[in-house]
Amino acid sequence: MTTSMTSTESAKTTDDSAPRMPTKAYAPASIRWRTMVTIAWRMMFHSKLKMFGTLIGVVFAVILSNQQAGTFLGLIKKNTMFVEYCGADMWIVSPSTLTLQPTKPMGISSLYTARSTKGVAWAEPLLFAGASIQLPAGGSEPIQFVGTAAPRYAGGPWNVVGGSKASLERPNTMVFEDSERERLGGLNIGSVREVNGFKIQVGAITWGLLPFGPSFAFAEYELARRMLKIDADQTHFVLIGLEPGADPEAVKAAIMARAPEVKVVGRQEFRSLIISFLLKRSPIGITFGSSTVFALIVGFVIVSLSMFSAVVDNIREFGTLKAIGATNGDLARIVVTQSITFALMGSLIGLAVITRLAAVIRSPKLAIQLPPEMLIGTTLVMVGMCVAASSLAVLRLRKVEPGMVFR
Amino acid sequence: MSFVHSASIPVVEAREVVKDYGEGPTTFRALKGVNFHADRGEFVILSGPSGSGKTTLISILGCVLKATSGTVRVLDDVISDVAESELPKLRLAYVGFIFQGHNLIMSMTAQENVAIMLALRGWNATDAAKEAARLLSLVEIGDKLKSLPGDLSGGQRQRVSIARCIAGNPPIVLADEPTASLDAQTGQLVTELLHNLAKKRGHTVVTVTHDNRIFHFADRIVHIEDGQITQEKDSHS
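Residues numbered from 1 in each chain as written. Chains lettered and ligands numbered in written order. Predicted model: local features only at pLDDT ≥ 70, side-chain atom pairs only at ≥ 80, totals over all residues. Heavy atoms only, no water.

A.B. asks: Would you mind showing me how to read helix 2 (residues 87-94) of chain B here?
C.D. replies: Side chains that are three or four residues apart share a direction in an α-helix, a result of its 3.6 residues per turn. For helix 2 of chain B, a buried count of seven out of eight residues is recorded, marking the element as mostly surrounded by other parts of the structure. Taken together, the buried positions of helix 2 of chain B are occupied by L87, P88, L90, R91, L92, A93 and Y94 of chain B. (Buried < 20%, exposed > 50% of the residue type's maximum accessible area, 1.4 Å probe, protein only. Helix = DSSP H or I, 4+ residues; strand = E, 2+ residues; numbered from the N terminus.)

A.B. asks: Is there a simple way to explain the pattern of salt bridges in this structure?
C.D. replies: Close approach of charged atoms allows side chains of opposite charge to pair. Tallying each qualifying case throughout the model produces 24 salt bridges over all chains. R159 of chain B is paired through a salt bridge with E140 of chain B; the nearest N and O atoms lie 3.8 Å apart. Taken as a pair, R159 of chain B in helix 5 (residues 154-166) and E140 of chain B in the loop between helix 4 (125-138) and helix 5 lie far apart in primary sequence, 19 residues in all. With a relative accessible area of 12%, R159 of chain B lands in the buried category. Across the pair E232 of chain B and R220 of chain B runs a salt bridge, and its minimum N-O distance is 2.4 Å. Note that E232 of chain B is positioned in strand 10 (residues 228-234) and R220 of chain B in strand 9 (residues 220-225), a separation of 12 residues in sequence. Among the residues examined, E232 of chain B registers a relative accessible area of 39% and is labelled partly exposed. Salt bridges sharing common partners tie together R32, D330 and R333 of chain A. (Salt bridge = Lys/Arg side-chain N within 4 Å of Asp/Glu carboxyl O.)

A.B. asks: Before we go on, may I ask you to explain unusual backbone geometry in this structure?
C.D. replies: Peptide bonds are, in most cases, trans, and in most cases residues other than glycine have a negative phi. Look at the link from A150 of chain A to P151 of chain A: it is a cis peptide, with omega at 0°. In this structure, H102 of chain B is a non-glycine residue whose phi angle is positive, near 65°. Residue placement: H102 of chain B occurs in the loop between strand 6 (95-98) and helix 3 (110-120). Among the residues examined, H102 of chain B registers a relative accessible area of 8% and is labelled buried. Residues other than glycine seldom take positive phi values, yet N169 of chain B does so here, at roughly 55°. Looking at where N169 of chain B falls in the secondary structure, it is placed in the loop between helix 5 and strand 7 (172-176). Accessibility expressed as a relative area gives 6% for N169 of chain B, which makes it buried.

A.B. asks: Honestly, the packing of helix 2 (residues 29-46) of chain A against helix 3 of chain B in this entry has me stumped. Any pointers?
C.D. replies: Pairs of packed helices are described in terms of their axes, by the angle between the two and the distance that separates them. Look at helix 2 of chain A against helix 3 of chain B: their axes get within 9 Å of each other, and the N-to-C directions meet at 155°. Considered as vectors, helix 2 of chain A and helix 3 of chain B are oriented roughly antiparallel to each other. Where helix 2 of chain A crosses over helix 3 of chain B, the handedness of that crossing is left-handed. Residues I31, R32, T35, M36, I39 and R42 of chain A of helix 2 of chain A form the contact with helix 3 of chain B, whose participating residues are E112, I116, A119 and L120 of chain B. Counted by class, the contact of helix 2 of chain A with helix 3 of chain B contains six nonpolar, one polar and three charged residues. (Axes fitted to C-alpha atoms, helices over the stretch in contact; angles between N-to-C directions. Parallel < 35°, antiparallel > 145°, perpendicular 65-115°, else oblique. Left-handed = near helix turned anticlockwise from the far one by under 90°. Contact = heavy atoms within 4.5 Å. Nonpolar A, V, L, I, M, F, W, Y, C, P; charged D, E, K, R; others polar.)

A.B. asks: Would you take a moment to explain the nonpolar core for this structure?
C.D. replies: Grouped burial of nonpolar side chains is what soluble globular proteins tend to show. Within the largest apolar cluster, 123 residues are counted, with the highest numbers of intra-cluster contacts made by L321 and I334 of chain A together with F36, L46 and L136 of chain B. For this core, the element with the highest residue contribution is helix 10 (residues 328-361) of chain A, accounting for eight residues. Apart from residues no more than four positions distant in its own chain, F36 of chain B is found in contact with V12, E13, A14, V44, L46, L57, L61, V206, V222 and I229 of chain B. Counting residues in each nonpolar core, the second largest holds 39 residues, with A114, A149, F176 and L223 of chain A among its members. (Core = buried A, V, L, I, M, F, W, Y, C linked by side-chain atoms within 4.5 Å.)

A.B. asks: Is there a simple way to explain the packing of aromatic side chains in this structure?
C.D. replies: The description of an aromatic ring pair rests on the distance of the ring centres and on the angle between the ring planes. Residue and element names in this part refer to chain B. Tallied over the entire structure, the rule returns 14 aromatic pairs over all chains. Centre to centre, the rings of F97 and F99 are 5.7 Å apart; their planes meet at 10°, and the pair counts as stacked. Accessibility expressed as a relative area gives 2% for F97, which makes it buried. (Phe/Tyr/Trp six-rings, centres within 6.5 Å; stacked < 30°, edge-to-face > 60°.)

Now the structure itself:
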């Protein structure tokens, strides 16, 4: 055994192998970081069972939080889809309007006020009310009845997948939603049904126009007015399209000056009103928000305990590193590297699962919305969560005595 | 620049060193005014019964613990005056450790375990890997570079530990019961290796051991009992 030492050393002792005058300085930060990152990854992948346990925690948090937040965004989209699909730049609504929902009619004079306002390209009335459709086998189902003015049809229908929008010009004709056809008694183009006591015929079919409540069903404005028994001098909303280059604020002020009994809101403003209503006046915000927070808390606890447990399991190795010259900062780098790695790996797996899941279950009834901003945000939140979760482990490492290695 | 230090000036020296554990009425005095020194190229064995203060003394010499009172000097540094936060820097500069239980990072290969020490001492990754391979060859396990500690025998692990200890050429090598977990033959070989570190490379080697079968390797044997040095003899005299 000593042969090698002896023979090699006899040559080396006199040159570069003898102890040198020590340098009392830490290695450059770049070298320390790279070393600690290597140690962190080796430790992580060495304890595969523990690594999978921690990863499951992160993956669970990513999937659950995205599923909840994505479903919430899907619900928001359902509730704002009418405003988004509709080509109106502005809406005239009654002053008490908090969201897009059936409301008491208002005077139609604001329609004419709008049409005569500078900067307004067009203005159309819109009826928006609840109605019911009689089923062939008896009973009825609710529908979200929309009265939309020809020939512009600014208030829909959109996404017509069967028949044509122009069918609304035929007498007693309506357009229904494809995804609700079965529920509405097996509707098809040409089917005859009774809506609000009127016999109507299905003229066309839309796809995906299913809000949070009953599906949209469209009729030409005059037919809708008769069916809803709305007086000719009343309407529910007025849709406004602006001329190119028109100043929305100036138009809004001009209309409200001449029609102070109504409220004028821009498209984004109305969208914000709807979202605000959902968050403040309905339990949706609390329900989904608390579920998302719960998912993050569960993930935090799992990661925190796993990281702490990993430190305790490897406490002697950490003590050794400290004894041979690693600092508390170096050991913290190991734990932080592990936590960031767990966050990135867990996010990658979790997001892959949830995006696939969302694609599989996507339908007009349930559409999980996963915008890129949310996926990036989730990853950043996971990194923050995992780093925060590792703080307990870092605190434990600070208390590791290098002298423990002699015991 | 090679380390050149006069043989007449100790590389490591402790004067009237006292170490207390705990506070108040439960205070335990582990060292009671110990005087100790070791010179360049010297192989010193610290012996004594369990709880006598051997490990406390090498912990203080190795800049792991601070003495309660007394003076501890390593080369030109009075380490007893240094703030606790500065101790890791001094350990890196001066000391290589060999532990009873090898204390290797189990998830890293033999080569990586040695390279860690070099990286902490500022070597870049490429040079550290080459030097680690050279040192492992030196302790005759050059064929185990990529082996994990779990795949090595106790003797092989201790050799990795020795290679790690001398990585970067620290002037002082402190070994805590390096043969305790080894069979007699391997223990002899490991001690011979430590002896060569002192005699052929000029390290100052201080070894704590109960194993009287290796006493004949030592230049000096220092016996500690109840926190005091009770006997000190030149093993060759």
